[in-house]
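# Structural features, examined
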Amino acid sequence: MAYQQHEPIAAFRSVIDAYWINRARVGDAAPFDRVLPDGCIDLIFRGGAAGGRLFAGALIERPMFVSGGETAWFVGVRFRPAMARALLDIDPVDCRDREIPAAAIAGSLAALEARLQDCASSHDALGILRRAVDERLAQGERRLAPQRVCEAIDRLARGAEIQRVARMLGMAERTLHRDLVCWSGLAPKSLARILRMQRCLAALRAGRAPLALVALRLGYADQAHMTRELKELTGFRPSEIAAASRRPVRNLQDAA
């Protein structure tokens with residue numbers, strides 16, 4: 001499938017990671033995508049010939065496959081870790097490995113779903129979704145994660161160890177664990193693994209540094225540890241990801 005993403009306006013970048021659209025390519029008989037963990041919750045609309053539905057996307061800790069068929073398309077907004085509650089009245093824990101229908105979240109989202117179902121194209125649907133989300137956030141009714149949670153996630157994303165993050169923030173590890181689960185839906189260890197995996201993917205795609213050096217820089221015990229982690233979290237070995245970045249492929253799936 002053909003994936004594109006669009007940046008949010010500057011005022012919402014602390015809450016929204018990206019708006020995105022995913023459509024089947026012409027000639028794809030059975031298009032599918034491998035979705036990797038990223039610590040984020042998405043609000044997604046699946047459209048196409050069979051109608052459409054709006055839902056909060058699953059918060060995953062393992063790769064999952066999504067197939068839309070030849071006529072399906074998807075549009076969505078991806079919230080930054082711990083920021084989905086800025087718009088969605090949900091407990092992030094409820095999103096672990098499951099989708100939540102719009103009607104189960106809020107009546108306003110059920111109404112938005114009906115508007116999206118009338119869209120003739122993914123482009124139109126993305127425009128409606130984006131305007132609806134931006135208008136809601138602009139109203140100032142956001143339920144934002146506390147600053148300590150945002151700072152903890154930022155430090156974890158930069159590679160700090162969980163124990164050190166708790167000390168730097170003057171928190172007990174138990175308190176940090178409770179706060180991160182409450183706001184992100186993930187325990188600190190799981191979130192840290194996913195954020196490090198994302199940094200590892202970026203490093204492997206960006207250059208030709210030896211795999212052992214990449215592992216050392218990112219805090220893995222050794223190259224074998226990095227390989228096990230990536231295989232579990234993405235389904236690919238580091239060498240496959242690095243090789244795919246050096247040749248034109250349609251998507252990561254083609255590296256297999």
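Coordinates for the structure precede this section.
Residues numbered from 1 in each chain as written. Predicted model: local features only at pLDDT ≥ 70, side-chain atom pairs only at ≥ 80, totals over all residues. Heavy atoms only, no water.

## Some remarks on the overall build of the protein
Operational definition: A helix here means a DSSP run of H or I that spans at least four residues, while a strand means a run of E at least two residues long, and both kinds are numbered starting from the N terminus. Summary of the burial criterion: residues with accessible area below 20% of their type's maximum are buried, those above 50% are exposed, and those between are partly exposed, where the area comes from a 1.4 Å probe applied to protein chains only. Residue contacts are counted whenever heavy atoms from the two residues lie within 4.5 Å of one another. Note on areas: these come from Shrake-Rupley sampling with a 1.4 Å probe, and a residue is covered only by the protein chains present in the view.
Regarding its fold elements, the protein presents nine helices and eight strands. Considering the protein as a whole, with its 256 residues, one finds that 46% of them fall into the buried category. Look at the contacts in the protein between residues 6 or more apart in sequence, and 68% of them connect residues 24 or more apart. By element, 50% of the accessible surface of the protein is carried by carbon and sulfur atoms, the whole surface being about 12,700 Å².

## A short note on unusual backbone geometry
At Ala82, a position not held by glycine, the phi torsion is positive, near 75 degrees. Following the sequence through the fold, Ala82 ends up in the loop between β7 (73-79) and β8 (100-101). A positive phi angle is found at Asp97, which is not glycine, with a value near 60 degrees. Inspection of the secondary structure puts Asp97 in the loop between β7 and β8. On the accessibility criterion, Asp97 (57% relative accessible area) is exposed.

## Brief notes about the layout of surface pockets
Put simply, the rule reads: Using a grid of 1 Å spacing that covers the protein atoms alone, one calls a set of points a cavity when a 1.4 Å probe fits there but cannot get out, and a pocket when the set is open and has protein on both sides within 12 Å along at least five of seven lines; lining residues are those with an atom within 4 Å of a point. Grid points are joined across faces, edges and corners, and a volume is the space filled by probe spheres set on the points. Three classes are used: nonpolar for Ala, Val, Leu, Ile, Met, Phe, Trp, Tyr, Cys and Pro, charged for Asp, Glu, Lys and Arg, and polar for all others, with Gly counted as polar.
Approximately 350 Å³ is the volume found for the second largest pocket. Residue lining of the second largest pocket: 15 residues in total, with Glu161, Ile162, Ala192, Arg193 and Arg196 positioned closest to the centre. Counting residues per element, the ones that place at least two in the lining of the second largest pocket are α4 (162-168), α6 (188-206) and α8 (223-234). Residue composition of the lining of the second largest pocket, by class: five nonpolar, four polar and six charged.

## Considering the sheet that holds β8
Stated formally: In short, DSSP must find at least two bridges between two strands for them to pair. Each axis is a line fitted through C-alpha atoms, taken for helices only over the stretch in contact, and angles between the N-to-C directions span 0 to 180 degrees.
Read from one edge to the other, the open sheet built from six strands follows the order β1-β2-β7-β4-β5-β8, with strand pairing classed as antiparallel. Looking at strand neighbours, the two that pair on one side only are β1 (2-6) and β8, the edges of this open sheet. Bridge analysis of strand β5 (residues 53-56) against β8 gives two bridges, and the strand direction is antiparallel. Bridge pairing in β8 places Ala56 opposite Ile100. Across the sheet, helix α1 (residues 107-117) touches β4 (42-47) and β5, and the angle it forms with β5 is around 140 degrees. Where helix α2 (residues 122-138) meets the sheet, its contacts fall on β1, β2 (16-23), β4 and β7, and the angle it forms with β2 comes to roughly 165 degrees.

## Concerning the nonpolar core
Here is the rule we go by: Put simply, a nonpolar core is a bunch of buried Ala, Val, Leu, Ile, Met, Phe, Trp, Tyr and Cys residues held in one set by side-chain atoms that sit within 4.5 Å of each other.
One finds Ile16, Leu43, Phe79, Leu88 and Leu116 to be the most contacted residues of the largest nonpolar core, which totals 55 residues. One finds Leu36, Met197, Leu201 and Leu233 within the second-largest nonpolar core, a separate group that totals 14 residues.

## Some thoughts on empty space enclosed by the protein
Evaluation of the coordinates by the stated rule reveals one cavity of 30 Å³ or more. Residue composition of the lining of the largest cavity, by class: nine nonpolar, two polar and one charged.

## Considering the environment of Ile21
Position of Ile21 among the secondary structure elements: in strand β2. Relative accessible area serves as the criterion here: at 3%, Ile21 is assigned to the buried category. Along the primary structure Ile21 and Ser122 are separated by 101 residues, whereas in three dimensions their C-alpha atoms are 7.3 Å apart. Excluding anything up to four places from it in sequence, Ile21 contacts Ala2, Tyr3, Gln4, His6, Phe74, Val75, Ser122, His123 and Leu126.

## Looking at α1
Note the following rule: Think of it as the arc spanned by the lines of direction from the helix axis to the C-beta atoms.
Buried within α1 are the following residues: Leu109, Leu112, Glu113 and Leu116. Within α1, the buried residues cover an arc of 105 degrees as seen down the axis, which keeps them to one side. Residues of α1 that are buried sit in contact with β4, β5 and α2.

## Here we look at α2
Under the convention used in this document: Working rule for helices: expected span equals 1.5 Å times residues minus one.
Along its 17 residues, α2 runs 24 Å from first to last C-alpha, staying within 8% of the 24 Å computed at 1.5 Å per residue. Contact partners of the buried residues in α2: β1, β2, β4, β7 and α1. Gly140 lies just past α2 and shows a positive phi near 80 degrees.

## Structural notes on the side chain of Arg196
Applicable threshold: Under the convention used here, Asp and Glu are negative, Lys and Arg are positive, and both His and the chain ends fall outside the count. Throughout this description, the term salt bridge denotes a Lys or Arg side-chain nitrogen within 4 Å of a carboxyl oxygen of Asp or Glu.
You can see Arg196 is positioned in helix α6. Although buried, Arg196 forms no salt bridge, and the nearest oppositely charged side chain, Glu229, lies 4.2 Å from it. The residues contacting Arg196, other than those within four sequence positions of it, are Leu218, Gly219, Tyr220, His225 and Glu229.

## Observations concerning the pattern of salt bridges
Tallied over the entire structure, the rule returns twelve salt bridges. Between Glu151 and Arg155 there is a salt bridge, with the nearest N and O atoms lying 2.8 Å from each other. In this pair, Glu151 and Arg155 both sit in helix α3 (residues 147-157), four residues apart, roughly one turn of the helix. Residue Glu151 is classed as partly exposed on the basis of its relative accessible area, which comes to 27%.

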